[in-house]
Amino acid sequence: MAPMGDVLHLLVILSLLEKGNAKVGDFKAAGATAPGDIIIGGLFPIHEGVEESPNISAPHEPQCARFNMDGFTQALAMIHAVESANRSPVLTTLGISLGYRIHDSCSDVTTALRASDPTMDCGGGANTSNSSPPIMAVIGASSSEISISVARQLNLKLIPQISYASTAIILSDKNRFPAFLRTVPSDVYQTQAMVQLLSDSKWTWVGVVTTDGDYGRSALDSFVSQATASGICVAFKEILPNSLTSPDSESAISQAATTLQLNHNVKVVVSFAKPTQMMYLYQKLRSLGSGLGERVWVASDSWSSSKEVLGEMDLPDIGNVVGFSFKRGNLAPFHRYLMNLSDINDVIGNNSFLKEFYSLPNRSENSGVLSSSTVPAEILLNNSYANVVFNVEMAVSAIAHAVADICSKKDCKTPGTVQPWEVLGALKDSCFELEGKSYTFDQKGDINLGYDVTVWRSVRGVINVHDVAAEYHPNNNSFSYTSGNTKNLTDLRDVVSVCSPSCEPGKFKKIAQGQHTCCYECINCTENHYSNNTDMDQCLSCETKREWSLEGSSGCTHKTLEFFSWQDGFAVALLTLAALGIILVLLVGALFLHHHQTPVVRAAGGPFSQIILLSLVGSFVSAVFFVGHPSSLQCKVRQVLFGLSFTLCVSCILVKSLKILLAFQLNPDRKNVLRRLYQPYAIICLCVALQVITCTLWLCDEGSQVAFGVMLCYIAVLALVCFACAFKGRKLPQKYNEARFITFSMLLYLMSWLIFVPVYVTTSGKYLPAVEMVVILISNYGILSCHFFPKCYVILFKKEHNTKSAFMKNVFEYSRKGITDSSSVSEISSPPDEHTYAVYLGCRERAAGISPVPKHMCL
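Nothing here was measured: the structure is a model prediction, and the numbers come from that model.

Before going further, it helps to examine the nonpolar core. Ranked by size, the top nonpolar core spans 70 residues in total, and within it Met78 and Phe357 carry the most contacts. Membership of the second largest hydrophobic core comes to 69 residues, among which are Leu574, Phe646, Leu654 and Met746.

Dropping the structure here:
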């Protein structure tokens with residue numbers, strides 16, 4: 001009997017002799033098998049696809065094409081993990097072992113379904129047994145699309161399936177996929193990590209490139225949803241066909257490249273595409289002359305470790321790549337396994353995949369496959385990724401511990417004693433160890449360890465895609481940075497990818513209708529509003545009773561209480577004038593009261609003069625309320641008191657004007673009309689009543705500028721009427737005529753208040769009350785000076801003019817001028833005596849309806 005070592009050497013030599021005649025089609029039914037008490041199935045993408053069959057007329061098995069070194073390495077990782085588990089105390093103490101049957105999914109759903117169909121032969125190409133034990137669990141697949149299809153089939157018998165790379169969100173739904181588990185987190189956490197990275201880096205204007213499949217669509221929906229919630233906008237979404245052999249693939253890649261070129265301000269692109277798709281996209285962008293080096297590419301786990309996307313380009317040609325990859329374990333034991341793979345320990349007869357690997361035709365080293373000058377183990381080492389190997393090892397370890405739990409309670413060596421659903425239940429409840437740490441599946445059947453964040457680097461032409469810059473922790477949605485590599489990641493934050501620049505404090509974002517929320521213009525906050533942070537959606541309001549702010553303010557300023565105080569020099573001066581005015585009014589009133597029977601006082605209006613003086617006192621007093629700490633009551637009193645007082649004053653002046661006009665009106669028709677309308681006290685009461693209504697409306701709507709304006713306009717209207725009447729009687733006898741004084745006083749009033757309006761509107765601050773106070777004093781002193789001071793001068797210093805004879809002479813001269821064309825002129829040839837004057841004056845007043853002289857005396 002030949003030694004075992006010689007037999008193994010012979011098998012290796014035979015396999016090497018066959019490699020020159022090997023073809024892809026020869027291995028369409030290839031598989032890797034190993035016997036055991038519990039059989040595990042495996043689905044790995046040993047090939048990148050299947051050959052197209054344009055004319056299909058009957059069911060057939062398509063030929064697999066393009067050997068996939070990554071998928072082959074993953075299958076070897078499962079074989080190594082099974083062999084390690086069989087040597088572990090977990091199984092050796094029970095005297096049981098695991099076997100495997102590994103199939104090639106050829107990266108094709110139909111091929112994977114055919115391989116996983118329980119009604120078909122599950123045996124590998126090298127296994128000739130007709131009574132193969134059933135598969136108790138399946139490891140795979142890599143693609144989410146294939147895993148979803150296979151999971152639905154395995155659900156029929158509740159055969160547990162553990163994927164090492166499928167991250168589609170839908171697979172966490174235990175109602176639809178009760179037998180599916182995985183050793184990787186759902187894409188919900190990957191997209192969550194991506195969004196957090198974008199938020200931390202203030203990248204709010206990004207593009208997305210994804211593949212048209214269950215994985216790509218699911219990841220896209222999750223990313224867009226979370227990005228929108230975090231204030232990140234997606235400028236464009238480019239979806240590439242899932243299959244590279246699709247007739248639309250080339251045009252889709254061209255369209256994506258054109259979109260990227262047009263959106264030059266999108267400096268960050270998130271990609272869930274396949275490695276080969278990204279390679280073709282980069283090549284297309286390069287051919288278009290697009291500036292790739294300015295962008296940051298955020299790579300998903302589907303290509304974050306695949307440096308073959310560079311093709312013939314170098315890393316600076318495409319820009320910066322930030323990748324999200326699964327957590328990794330210790331790769332040293334697997335590397336040792338690969339180094340010994342071509343040695344006598346490997347029996348190629350049970351692994352047709354390995355046989356195909358050795359049979360591949362010579363290619364360059366850069367293509368990632370075997371060449372005549374390259375050791376096969378080095379090729380495999382370059383295509384082994386610590387994270388994927390670790391995920392496969394976790395899947396095998398979980399099954400080993402679940403089987404150990406079952407077999408510790410029953411005899412597992414007897415065929416049929418263990419059912420797949422028992423293994424499924426044990427998997428969900430078991431806690432297994434690997435590399436000194438314990439792991440369990442969560443309620444959704446996932447193992448979520450977070451992600452490693454890598455930053456691709458080029459050192460002397462060598463691309464390093466495994467340099468971990470940070471770790472993502474899904475429990476608190478945060479990153480922890482790796483010492484030494486933090487700078488590589490934080491340096492990328494200098495890249496600006498925004499649709500609109502940030503709005504500084506003092507401004508708010510105004511988003512145009514129909515635009516992205518990230519595209520806006522910055523508008524200054526209005527007065528008494530502020531924004532104290534960047535990119536605020538609206539300005540905040542100041543507490544206007546205690547605070548204020550200018551336009552475009554980033555904060556409110558506490559108001560300093562300023563008012564027209566009693567200590568202010570200007571206030572003291574105005575108050576002095578108001579007090580002096582009150583004193584003068586009282587003195588004039590006393591003087592007029594003492595001389596109330598004299599012609600001057602009677603000509604000044606008699607009792608109406610006392611009413612005017614009383615109203616001036618009220619108007620002067622109202623000026624006092626404009627000084628001091630303002631209160632609601634004070635503001636009401638000063639406006640109402642002035643409005644009513646001055647209205648009473650002007651109303652009396654109006655009555656005086658009408659009286660003079662009636663007394664010396666020579667036109668009989670006009671005299672009769674005016675006499676019927678002339679009711680002095682009724683006119684005064686009506687005028688004041690209308691102002692009372694206006695003031696009442698102002699009190700109901702305190703602070704209303706409209707009501708305040710109506711009040712002033714009403715007084716102005718009365719003043720205009722006085723002015724018109726007084727101007728009409730400007731040529732009447734000077735001793736009896738106040739028309740000129742009334743005209744001047746009303747003109748002074750109107751001019752002062754016309755000036756007041758624009759000054760009042762444009763003035764702010766503590767001196768605003770002083771403006772109105774000045775106008776009030778001017779109006780009061782104007783009436784006092786024009787109406788009363790000349791009379792006081794005559795009473796005190798021109799007593800000879802304050803006699804009946806003086807007035808009689810003045811009236812006589814005016815009468816002669818008024819009737820020069822009548823026969824009465826000859827009759828009045830000399831000044832009348834005192835009695836005649838009195839009768840004449842009384843008749844004139846009786847004609848105006850204001851004298852009790854009997855009618856027969858005036859005939």
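Let's pick the thread back up.
What follows covers the side chain of Gln277. With respect to the helices and strands, the residue Gln277 is situated in helix H9 (residues 275–287). Here Lys274 takes part through its backbone nitrogen, which lies 2.9 Å from a polar atom of the side chain of Gln277. Not counting the four nearest positions on each side in its chain, Gln277 is found in contact with Thr211, Leu240, Pro241, Asn242, Leu244 and Ile253.

Bringing the UniProt feature "transmembrane region" (unreviewed entry) in the chain into the picture now. Following the UniProt record, the feature "transmembrane region" (unreviewed entry) maps to residues 570–593, 605–628, 640–666, 678–699, 705–727, 739–761 and 767–789 here. With 100% helix and 0% strand, residues 570–593 has end C-alpha atoms that lie 35 Å from one another.

Here we come to unusual backbone geometry. For the bond running from Gly140 to Ala141, omega is 0°, close enough to zero to count as cis. If you trace the backbone, Ala141 turns up in the loop between strand S6 (135–139) and helix H5 (144–154). Of note, the phi angle at Asp535 is positive, near 55°, even though the residue is not glycine. By secondary structure assignment, the location of Asp535 is in the loop between strand S23 (529–530) and strand S24 (540–541).

What follows covers the pattern of salt bridges. Applying the stated criterion across every chain yields a total of 12 salt bridges. A salt bridge links Asp37 to Lys413; its shortest N-O distance comes to 3.2 Å. Residue Asp37 is located in the loop between strand S1 (32–34) and strand S2 (38–44), and its partner Lys413 is located in the loop between helix H14 (386–407) and helix H15 (420–429); the two are separated by 376 residues in the primary sequence. Judged by relative accessible area, Asp37 falls into the partly exposed class, the value being 25%. Judged by relative accessible area, which is 49%, Lys413 ranks as partly exposed. Between Lys766 and Asp568 there is a salt bridge, with its nearest N and O atoms 3.9 Å apart. Taken together, the residues Lys766 in the loop between helix H24 (739–762) and helix H25 (768–797) and Asp568 in the loop between strand S26 (557–558) and helix H17 (569–594) connect sequence positions 198 residues apart.

Calculation rules
Residues numbered from 1 in each chain as written. Predicted model: local features only at pLDDT ≥ 70, side-chain atom pairs only at ≥ 80, totals over all residues. Heavy atoms only, no water. Core = buried A, V, L, I, M, F, W, Y, C linked by side-chain atoms within 4.5 Å. Buried < 20%, exposed > 50% of the residue type's maximum accessible area, 1.4 Å probe, protein only. Helix = DSSP H or I, 4+ residues; strand = E, 2+ residues; numbered from the N terminus. Polar contact = N/O pair within 3.5 Å; in protein donor to acceptor, adjacent residues only side chain to side chain. Contact = heavy atoms within 4.5 Å. UniProt positions renumbered as here; feature names shortened; annotations may be inferred. Salt bridge = Lys/Arg side-chain N within 4 Å of Asp/Glu carboxyl O.

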